[in-house]
Amino acid sequence: MVGAMRYGIFAAVLSLFLGGKMAAAERFPFSRHQEYAAGTIRPAQFSQERQDADVARYYDRWKGDFLVRENTGSRIAFGKSGSEHRRTVSEGQGYGLIIVALMAGHDPEAREIFDALWKFSRAHPSHIETRLMAWEVPGESGDSAFDGDMDIAYGLLLADRQWGSEGTMNYRAEALRVIAGILAAEIGPESHLPMLGDWVRGSKYTQWQTRPSDFAPGHFRAFRRAAGDSHWDEVVQATSQVIENLQSSRSPLTGLLPDFAVLDADGRARPAPPKFLEAKTDGDYSYNACRIPWRLATDALLNGDVRSKETAGKLSLWIEKSASGEPEKIRAGYHLNGTQLKGGNYFTGAFAAPFGVAAMLNPSQQAWLDRLYAAVCARHEGYYEDTVTLLSLLVMTGHFWDPTTMK
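Definitions and cut-offs
Residues numbered from 1 in each chain as written. Predicted model: local features only at pLDDT ≥ 70, side-chain atom pairs only at ≥ 80, totals over all residues. Heavy atoms only, no water. Helix = DSSP H or I, 4+ residues; strand = E, 2+ residues; numbered from the N terminus. Rg over C-alpha atoms; globule rule 2.2 N^0.38 Å. Buried < 20%, exposed > 50% of the residue type's maximum accessible area, 1.4 Å probe, protein only. Core = buried A, V, L, I, M, F, W, Y, C linked by side-chain atoms within 4.5 Å. Contact = heavy atoms within 4.5 Å. Phe/Tyr/Trp six-rings, centres within 6.5 Å; stacked < 30°, edge-to-face > 60°. Pairing = 2+ DSSP bridges. Axes fitted to C-alpha atoms, helices over the stretch in contact; angles between N-to-C directions. Salt bridge = Lys/Arg side-chain N within 4 Å of Asp/Glu carboxyl O. Expected span 1.5 Å × (residues − 1). pLDDT = per-residue confidence, 0-100. Left-handed = near helix turned anticlockwise from the far one by under 90°. Nonpolar A, V, L, I, M, F, W, Y, C, P; charged D, E, K, R; others polar.

A short note on the overall build of the chain
Stage number 1. Along the backbone of the chain there are 14 helices and seven strands.
Stage number 2. The C-alpha atoms of the chain give a radius of gyration of 21 Å, which matches the 22 Å a tight globule of 407 residues would have.
Stage number 3. With the C-alpha coordinates aligned to their principal axes, the bounding extent of the chain is approximately 70 × 50 × 45 Å.
Stage number 4. Relative to its full complement of 407 residues, the chain shows a buried share of 59%.

Some words on the nonpolar core
Stage number 1. Core analysis: the biggest nonpolar cluster contains 118 residues, and Phe-114, Ile-182, Phe-223, Trp-232 and Ile-330 have the highest contact counts within it.
Stage number 2. Element by element, the count of residues in this core is highest for helix α6 (residues 146–163), at 10 residues.
Stage number 3. Ignoring anything within four residues of it in the chain, the contact list for Phe-114 reads Leu-97, Val-100, Ala-101, Gly-155, Leu-156, Ala-159, Trp-163 and Tyr-171.

What about the packing of aromatic side chains?
Stage number 1. The tally for this structure, following the rule as stated, stands at 22 aromatic pairs.
Stage number 2. Centre to centre, the rings of Phe-114 and Tyr-171 are 5.5 Å apart; their planes meet at 85 degrees, and the pair counts as edge-to-face. Of this pair, Phe-114 sits in helix α5 (residues 110–123) while Tyr-171 sits in helix α7 (residues 171–185); the two residues are 57 residues apart in sequence, bridging distant segments of the chain.
Stage number 3. Tyr-171 sits in the buried class, given a relative accessible area of 0%.
Stage number 4. Ring geometry for Phe-260 against Phe-276: centres 5.6 Å apart, planes inclined by 50 degrees, an arrangement best described as tilted.

Let's talk about the sheet that holds strand β5 (residues 209–210)
Stage number 1. Here we have three strands laid out as an open sheet, ordered β5-β6-β7, and antiparallel in their pairing. Of all the strands in the sheet, just β5 and β7 (269–271) have a single pairing partner and so form its edges.
Stage number 2. In this sheet, β7 lies alongside strand β6 (residues 261–263) in antiparallel orientation, the contact comprising three bridges. The residue bridging Leu-263 from the neighbouring strand is Ala-269, located in β7.
Stage number 3. Across the sheet, helix α9 (residues 231–249) is in contact with β6 and β7; its angle to β7 comes to roughly 60 degrees.

Some details on the pattern of salt bridges
Stage number 1. Evaluated as defined, the whole model comprises 24 salt bridges.
Stage number 2. With a closest N to O distance of 2.9 Å, Arg-295 and Asp-151 form a salt bridge. Of this pair, Arg-295 sits in helix α10 (residues 292–303) while Asp-151 sits in helix α6, placing them 144 residues apart in sequence. Across the pair, Asp-151 and Arg-295 agree in class, each one buried.
Stage number 3. A salt bridge links Asp-402 to Arg-225, with the nearest nitrogen and oxygen atoms 2.6 Å apart. With Asp-402 in the segment after α14 (383–396) and Arg-225 in helix α8 (residues 217–227), the pair connects residues that are 177 residues apart, well separated along the chain.
Stage number 4. For Asp-402, a relative accessible area of 2% puts it in the buried group.
Stage number 5. Connected through salt bridges with shared partners, the residues Glu-91, Asp-147, Arg-211, Asp-214 and Arg-291 form a single ionic network.

Quick look at helix α11 (residues 306–322)
Stage number 1. The end-to-end C-alpha distance of α11 is 24 Å, a good match for the 24 Å that 17 residues give at a rise of 1.5 Å each.
Stage number 2. Within two residues after α11, Ser-324 carries a phi angle of roughly 55 degrees, on the positive side.

Examining the confidence of the model for the chain
Detailed conclusions should not be drawn from predicted coordinates in areas where pLDDT is low.
Stage number 1. Chain-level pLDDT for the chain is 94 on average; 94% of the residues reach the 70-or-more range.
Stage number 2. Taken together, the stretch residues 1–23 has pLDDT below 50 and engages in 12 contacts with residues farther than four places along the chain or on a different chain.

Thoughts on the packing of α11 against helix α12 (residues 349–359)
Stage number 1. Put simply, α11 and α12 touch, their axes get as near as 9 Å, and they point 115 degrees apart. The element α11 and its partner α12 pack so that their crossing is left-handed. Where α11 abuts α12, its residues Ala-312, Leu-315, Ser-316 and Ile-319 lie against Phe-355, Ala-358 and Ala-359.
Stage number 2. Broken down by class, the residue content of the contact of α11 with α12 amounts to six nonpolar, one polar and no charged.

Written out as structure tokens, the structure reads:
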């Protein structure tokens, strides 16, 4: 008993000496698996041990390919080499914060890397709303992008739950600061929709123009619980309404949603026109929208939300039929009626892996889910494809959780 007391005193002193680091061992290590909503499924073809090993290997390679350590902190590179390796976007920084917090327990450097990623984000704030991150580094504009900021905030909430905020960094306070910045500068005051960034006000774009792949109701629910701000309930409702409107009026047979959407004066949503912001495919299911099944299905898995389950489930049933049950037949982009986009006649994990998360919502799709998992679990491409695949694998294998409900 005396020995135990002495050890406890020694540990407390050492913890203080190390700035609280010793007391901050991971609370939800990688080896602990999340129980998802009733009536959902997980890959069954491989054992849990095999799935854990798959994700660990995938993460190790992703980390080696895209994590860059610099004097101003660490960053997630936009590519493996050349000019793309020297470039970072806030989207990738947000993804990195989430991934690293979830991989604690596998990666002994996880907290060190997380802190360095956050340090880099703070070294490059938006010049408009300084609580947010500049969307591109190096870049000319220095303003923000909604998706990067929301994932950065979610990553900080994960860190608070994973390590606590009693050490050298108050993750919770930082998360609440970013959440407040998002609400102030990136949510439409009347539309309650995610705007494209803090640069929209005063530009030719408006709060009635939005990107459906930014609709992450699971994040918004976590922000509501963390901040105690009911405005996030309005965001959930507004985004759900846009999704339901688009699926019923524009894609009743497929459930596909566009990269960008515009609300008319009567509040009805429609796909954005070609080259609205980025490309000719801005009104199609392309490289932005491919993330939607993962975003919506994750909300259904963690929160049991019926609307997210129905909308993501519709996409999942359509793609299995469209691909004839063969994941390799999933193409890189579709018109909302389900026809393939010109130039998209190839397979990529960026499109296939998120459909794996959506397949978890329907027990009748067990074989389809298993084939999807097998098709992407060892496939490596580029920054965007591999990062979206890794995030989807974390969900499929039971390693994704909500920091505001985890016990």
